[in-house]
Every structure is written in C-alpha cells, then in structure tokens.
Amino acid sequence: MEDDLRVMNHPILGDLPEKKMVTIYYQGQPILAREGEPIAAALLAAGIKAFRKTVHRHEPRGVFCAIGRCTDCMMIVNGKPNVRTCVTFVEDGMQLEPQDGYGRRKVDGGDAK
Amino acid sequence: MKRLSTEIAIIGAGPAGLCAAIEASKLGAKVTLIDENALPGGQLFKQIHKFFGSKEHLAGVRGYEIGTRLLEELEKSDAEVMLSGTAYGLFRDMTIGVVQKTNHYAIQAKKIILAAGGKENYMDFPGSTLPGVMGAGAAQTMINVNRVLPGRHVVMLGSGNVGLIVSYQLMQAGACVEALVEAAPAIGGYGVHAGKIRRAGVPILTSHTIKEVYGDGKVEGVIIAEVDEKFRVIEGTERAIAADTVCLAVGLNPMTELAHMAGCGFTFLPALGGHVPLHDDNMETTVPGIYVAGDITGVEEASSAMEEGKLAGIAAAASLGYLDQEKAKELKDEVQVRLSALRTGAFGEKRQTAKTEQMARMAAFLQEKGGRRP
Amino acid sequence: MKEGVRYTGIASEEELKNSFGIPSAARMKQGPVAVIECVQEIPCNPCEGTCPFGAITIGDPITNLPHLNETLCTGCGTCVAMCPGQAIFLVNDLSEQEAEVTFPFEYWPLPQVGDEVDAVNRAGEVVCKGRVTKVRNPVAYKNTCVVTISIPNAFKDDVRSMKRVIKQTPMELAEQKERASQLVCRCEELTRGDIEKAIDEGATTIDGIKRRTRAGMGLCQGKSCERLVARILSEKLGRPLAEFLPATYRAPVRPISMGVIADNCEKE
C-alpha cells in the first residue's frame, strides 16, 4: 500500500471534512471509502491504478477522463460488468472486480436483473 | 416509457445550462433541466481559482463559489431539474430520449437548449493508454472534487490555461509537477498563470513533446524530447523524467452529437475546437427551436458559457411570448456587452473573430436556404 | 531561449519597463507599495475596483494594462490578494540592508510569522533566506493568503515568492520498458497502423474508417479517437481537417443500459 493519497489539507478548500466511512471490497480485500465518493476515487486513494484489462490486447487501463465520457475505468461492480467507476458512487459492502475483456455478469443465484 | 412535456428542455446543467434555466424560468417559462450527473454544476465545482473578467462576470470569485450561487438561484426558481438523467438521443417532433436510473422517458419540448459542454482532446503516443495517463480535467476532478491525488509526481502536457491552472492546483493539493511540456515555441495561456507555476519552480519546456510514457502496468516515467518548428522530434534530445502521472491538457472539443442528430447545420472553426453548430445572435441553430449555449457552440470558458446560457434562455422565453421583443432586446444587449468584453485583447480576439465568422456563416446559410429548416 | 512572459512565463525587464504598474525606487523607500507585474492584455479588472484608495486604473476596455498611481497607493495589500492572476506584489525598501517583499500564497501549509523560509525568484529558484514578518488571511481575501517576508535589500527586485513545503516521496527512475504500441482508438484498441491500413484500402471519411475498423464504435462512441482519426486522414490524404465531418451519430449517444429501454418498452 502506498502512502495515503487523500488531500487532507488544502489552502483553499480547507481540511477534508469528516465523513462516514464505508467498506468496499476490491478482489475481496477491504478498502475504506468515504461515503458518497466515486468508486474510482476510493481506489486511487488506495493506490490502485489499473481497473480493467482490455478486450483484445489485455492491457491495463485506469482513470482517464473521470467524468463518465471515455469508459476506460469500467469494472465489475456487485457482479455487473461495464460499470463506469468514475460516475458510480461507493456503497457499503460493494464488491469490485477488475474487468477482463467484456466481462460477464456474476451474480449469485442466476442472472442479475 | 413515460411521456412528458415541457416548454423549454435544457440538456446539461453546467454553467451554460444553469444560466439558461435560471433566466428562462425567471421570465415565466416552464423549464426542465436535464443532466446525466447526480449533481448539477457541470465542471464548475472543480474550478477553485478566482475567475477573471470584471465584476459583472463575477471576477475574483472562485469557480465553485459561482457554482454554489447558481445552484441557489436555481433552487429559488421554478425550473424542474432532472438529475442522473442521460439524454441519449434527439428525435422527431422535438422529443428527447432520457434514461434516468431504471426509467425511460420521452420528453417533448417546444424549445430545446443544448448545453452539453465539451470534452478533452486526447493524444496518441506510445504508452498513452497506461493507467496514470489522464486528462488534466480528470486530475482536476480528482484533487478538487474528490480530494484524492492521482499521483505525486506529475508531467503536464500543454500550456494553455487548463494546463497551467491544473498544474498549480496539483501543487496546491500537495503533488509535485516535474515539468510542463509544450510543443509550441510559446506558452499558450495567460502569462500570469504561467508566472505562478514558475515561481513554484516548475520548468515550462516549450518546443518539447512527450515522446513516450513507460511503465509496467502503470506510469513510471516519461521520455520527453525537443521538437523542431514542424513539431518533429529532434533525435538525441530525449531525456527521461520520473513520474507516476501524466496529464494531457491539449485542448477541448464540443460535445455536439445531439445537435448532429437534430440536423443542425455545422461549420468548421479550429479556433473554437473544430466542427461547431451554426447559430445566430439568439443562440438559435439552423433548426427552428433548437438553441445551443456554452462549449458546445465552440470551446471558450465558463464565464462566456454563462453569458451564452443567459442569452439562449432569454431568447427561448421570448420566442414563447413570455416577454415582448423590445424587453428581450434590452436584456440580450446587456448580455452581449458582457460577452464581447470577455472576447477582447490578444487572447480573446481569435475567438471573437471565429464567433463573428460563425454567425456570418449562419446568416449565409439562412439566405441560401431561405430560412430555418426543421 | 526567447525572453518574455509568452516564452518563459516570466515577464522580461523590457516588458516590466513598458508596463504601467512598477513604482519608482524613491517610492519604495517611503514604505510598502504595489508592484503590478501584469504585462499581457487579458480581460480582467478586479484590481481596479478592489483598491480602497483608487490607486489602480484600468478603464475601458477591461483588457487595458493596470496603471499604478504610486502616490495614492498605501501598500495595504488588498490588490495582492484580489488579483486572480496573482501578479501583484508589495515591495518595501526599508534600509540599505533590509527590504520586505509581500506576495500571494495559496499552498498548504501556510507559513507562520517568524518562520525562516527559502525566498524564490520569478523562476522558483532559491535566491536567499527570508523571515516571515506578516501573514494575512482575512475572509475577504477568499483564502489567498498574503505573506510578507524580510530579505536582504539586494534581492528586493528578484524575490517574488517563497518555496512551499513539499511532502517528499522518493521517486526512483525506472528502467525504460519495452515500448507500448501506439493506440489511437482506446476502446477498440486500434493502432495508427490499423487506421492507415483502412485508408490504404480506400477509406476517405471518418465513417469509412469506422465501418472498416470499428474505430468509434466502441463504448465511448468515438469521443476519444474521432479527432485523431480525422488528423490521420487529413495527413495521409493531404486534405484539410475541415473536410472530415464527424461520423454519423445515432442514439444512444451516451452509454445507457439497453435493459432499461427494453423493459420500459414492454410495459407500454
């Protein structure tokens, strides 16, 4: 784990306000996230940069546009593939898997709806 | 699918869309403001620097404070706001397809204002897809909105105002900017922005480019090199800079898909970011009832986007009869004065010329076709 | 290397001399005075309205350079905080040995009175030590802190800021790795070579490239690659960029769940 990448103090925006922390799971590993933040922010804060592997070349990709335009940051979130993590917010207990290629739906008890 | 109807539908709740909604709603029109994000404000909330311009343009006020003020005004207005609503298409009879969470809407409007904004340009070089290479705007969102550093050692590509401002803001958030690289022989943005990062010790390397970014699974370093006057790499000038993040600030271009779908006439103006919709001084396109405002009409800045939004809002409300032509003209003239003030000086002139050209081509289009065409 | 703010980000001596914001040496000896290093005509005039003493004039148009009236200026420092370009400083020529320089500062942590700091010039180079004598950060300054440091007099024309405190993390220079391929379309993972091949096969438009290669048909729907494809077409075919119209856009223009549309249609 790298050093904390959260911006705790800021000359203009002030100290980072306290917020309820939730736990999300990246490949089963727990990560603390600030309630309401995008998944991508929580992962970057934890030093995780590669979010998925591409379809053809299986090359790593991460955050590129951060505003939901480019789709580089997609992951499998709670079993649902192709979720743009920069515009999807963390929820307590969320399960995140890096997506390899197109990704498949993985939800207990059959197809997700 | 649910069918809804409104008088003025506005797509995009950034500075242009917000101002259009506030203005049109104030004048009495029924407004529906649609944005795909969970919160309105567009990219205003990541702008933490003090804006330029004059008092009327809210100069000296930080971008996010302007955002807060606009949201307060929106709150007070009667405009209906539809958040997390993705406008995915524009169809016949002024109907917009919107998906909001698990609901699907067809929204029919008498007037539509497209304020979808812009998107960052991308550069291709070896290693440009490595995790850690990102838009300057992406880094800005991460540090100022989400309060997370994408990395600690940054190389910035591009010396326009975005590259200069985001470099400064990365340092405010605690990162180091190892270098700012610019292919042109001169700095693109304001000297005062460049001066700030120079005083912080950031080298600005003009006539330089990124030759490649390398790393095993993520950015570990950047090879930069000098370029000649034709932007060709001068062999032998390569050197490596250790970095974990590379930010691309190589301009923006308008998000015009919906205007294309609507059949709006376009023209090519490089100073505004490429193919832009034709519009008149009411911000109305070649398709009757469809207006544009903000970066979609040509990439400028938030200050001018707000003025264009007001213009479109006033014009759309006037065309629905909410105010007489005389009053409308008075209001629009006030906006025009502020708008042209933002397009003066050595930096604004190019945009002013391009905007004048855009409207001249609009006039030529109308003359040729004998009026607007649905 | 060319001089001047356009090339280096630093106003040259010539540019400063030709601007209207630099007070006389005599005035600097009478107490703190504004030094306005604003040399480019940009649309901006908050300094004019913010000076409580009317010592700064811009007028119409707002791109005019600011004029300083050094007699009216009291060196209060309001303009230092309010200039969005952070181009205004105060200089106080105290004695033959000592001078004070005041500058805007927006980095965390802020210095404290008494701190010894590294004073830097316009290029960020440390030129001498300085001692912080004043730190002002009232609400009206909107978080642009105004810092005054005492320095040896000889450096009063050079020092314009102080070095910020950086949380250091060592960065090892990694070995250069094998070059990645040069991707143009991020979603469909197409290289420049793939696009050029399509042009060789007869593609002359962005739509033509799209049909042959799928560039622009991936998840982002061309938002990243379209302009690069246009550039390659323009370069290879020797025709202006203006000719390459965007691909045909069809709904959905943004990524949405098709399931939502399908589900909702069934209900109708």
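This is a predicted model, so every value here is computed, not measured.

Criteria and cut-off values
Residues numbered from 1 in each chain as written. Chains lettered and ligands numbered in written order. Predicted model: local features only at pLDDT ≥ 70, side-chain atom pairs only at ≥ 80, totals over all residues. Heavy atoms only, no water. Helix = DSSP H or I, 4+ residues; strand = E, 2+ residues; numbered from the N terminus. Rg over C-alpha atoms; globule rule 2.2 N^0.38 Å. Buried < 20%, exposed > 50% of the residue type's maximum accessible area, 1.4 Å probe, protein only. Contact = heavy atoms within 4.5 Å. Areas by Shrake-Rupley, 256 points an atom, 1.4 Å probe, with all protein chains shown as cover. Lys, Arg positive; Asp, Glu negative; His and termini not counted. Charge placed at Lys NZ, Arg CZ, Asp CG, Glu CD. Core = buried A, V, L, I, M, F, W, Y, C linked by side-chain atoms within 4.5 Å. Buried area = accessible area lost by both parts, 1.4 Å probe. Salt bridge = Lys/Arg side-chain N within 4 Å of Asp/Glu carboxyl O. Polar contact = N/O pair within 3.5 Å; in protein donor to acceptor, adjacent residues only side chain to side chain. Nonpolar A, V, L, I, M, F, W, Y, C, P; charged D, E, K, R; others polar. Domains from an automatic or database assignment. Pairing = 2+ DSSP bridges. Axes fitted to C-alpha atoms, helices over the stretch in contact; angles between N-to-C directions. Patch = residues over 30% accessible without salt bridge, like charges linked within 9 Å, V, L, I, M, F, W, Y side chains within 5 Å. 1 Å grid on protein atoms, 1.4 Å probe; cavity = no way out; pocket = protein on both sides within 12 Å on 5 of 7 lines; lining within 4 Å. Points joined across faces, edges and corners; volume = space filled by probe spheres on them.

Caption draft 1: Inspection of the overall build of chain C at higher detail. From N to C terminus, chain C includes 9 helices and 11 strands. Against the 2.2 N^0.38 benchmark of 18 Å for 268 residues, chain C shows a C-alpha radius of gyration of 28 Å, more extended than a compact globule. Dimensions of chain C, computed from C-alpha atoms along their principal axes, come out at roughly 80 × 50 × 50 Å. Scored against the burial criterion, the 268 residues of chain C give a buried share of 52%. Restricting to contacts in chain C with at least 6 residues of sequence separation, those with at least 24 account for 54%. In the structure as shown, chain C presents an accessible area of about 13,000 Å², 51% of it carried by carbon and sulfur atoms. Between the averaged position of the 33 positive side-chain charges in chain C and that of its 36 negative side-chain charges there is a distance of 4 Å.

Caption draft 2: Molecular detail of the nonpolar core. Formed by 98 residues in total, the largest nonpolar core has its most connected members in L43 of chain A, L170 of chain B together with I149 of chain C. When residues in this core are grouped by element, the largest group, 7 residues, is from helix α1 (residues 39–45) of chain A. Setting aside chain neighbours within four positions, we find L170 of chain B in contact with A139, I143, L149, V154, M156, A175, V177 and C247 of chain B.

Caption draft 3: Layout of the interface of chain C and chain B. Each side of the interface is counted separately: chain C has 77 residues, and chain B has 86 residues. Buried surface at the junction of chain C and chain B, both sides included, amounts to about 6,900 Å², of which 57% is carbon and sulfur. If you look at where chain C meets chain B, you find 5 salt bridges. For R231 of chain C, the salt bridge is made with D124 of chain B, and the minimal N-O distance between the two is 3.6 Å. Along the contact surface separating chain C from chain B lie 30 residue pairs in polar contact (both at pLDDT 80 or more). Among the secondary structure elements, those contributing two or more residues to the side of chain C that touches chain B are α1 (5–8), α5 (78–82), β10 (183–185), α8 (226–237) and α9 (258–267) of chain C. Of the residues in the side of chain C that touches chain B, the class split is 39 nonpolar, 18 polar and 20 charged.

Caption draft 4: Quick peek at the domain arrangement of chain C. For chain C, the assigned domains read domain 1 (5–162) and domain 2 (183–255). The C-alpha-based centres of domain 1 of chain C and domain 2 of chain C are spaced at 50 Å.

Caption draft 5: Examining the sheet that holds strand β15 (residues 245–248) of chain B more closely. Residues and elements named next belong to chain B. Within the open sheet, the 5 strands sit side by side as β8-β15-β9-β10-β11. Their pairing is parallel. Edge strands, defined here as strands with exactly one partner in the open sheet, are β8 (133–135) and β11 (204–206). Averaged over neighbouring strand pairs, the angle between their axes works out to 20° when direction is ignored. As paired strands, strand β9 (residues 153–157) and β15 are joined by 4 bridges and run parallel to one another. Paired with L157 across the two strands is L248, which belongs to β15. In this fold helix α4 (residues 161–172) packs onto β9, β10 (176–182), β11 and β15, with an angle of close to 170° to the strand it touches most, β10.

Caption draft 6: Structural view of a negative patch on the surface. Taken together, E3, E13, D157 and D158 of chain C make up a surface patch of like negative charges. With respect to the helices and strands, D157 of chain C occurs in the loop between β8 (145–152) and β9 (161–162).

Caption draft 7: Representation of empty space enclosed by the protein in the model. Inspection of the entire model under this criterion finds 7 cavities of 30 Å³ or more. Reported here for the largest cavity is a volume of approximately 190 Å³. G191 and G195 of chain B together with G9, A11 and E37 of chain C are, among the 18 residues lining the largest cavity, the residues nearest its centre. Broken down by element, the lining of the largest cavity gets its largest block of residues, 4 residues, from helix α5 (residues 191–199) of chain B. For the lining of the largest cavity, the per-class residue count stands at 9 nonpolar, 6 polar and 3 charged.

Caption draft 8: Geometry of the interface of chain A and chain C. Listed by partner, the interface residues are 22 residues for chain A and 20 residues for chain C. The largest share of the area that chain A buries against chain C comes from P11, I12 and R57 of chain A, three residues that together contribute 29% of it. At the junction of chain A with chain C, the criterion picks out 1 salt bridge. Here R186 of chain C ties to D72 of chain A by a salt bridge, and the two come within 2.7 Å at their closest N and O atoms.

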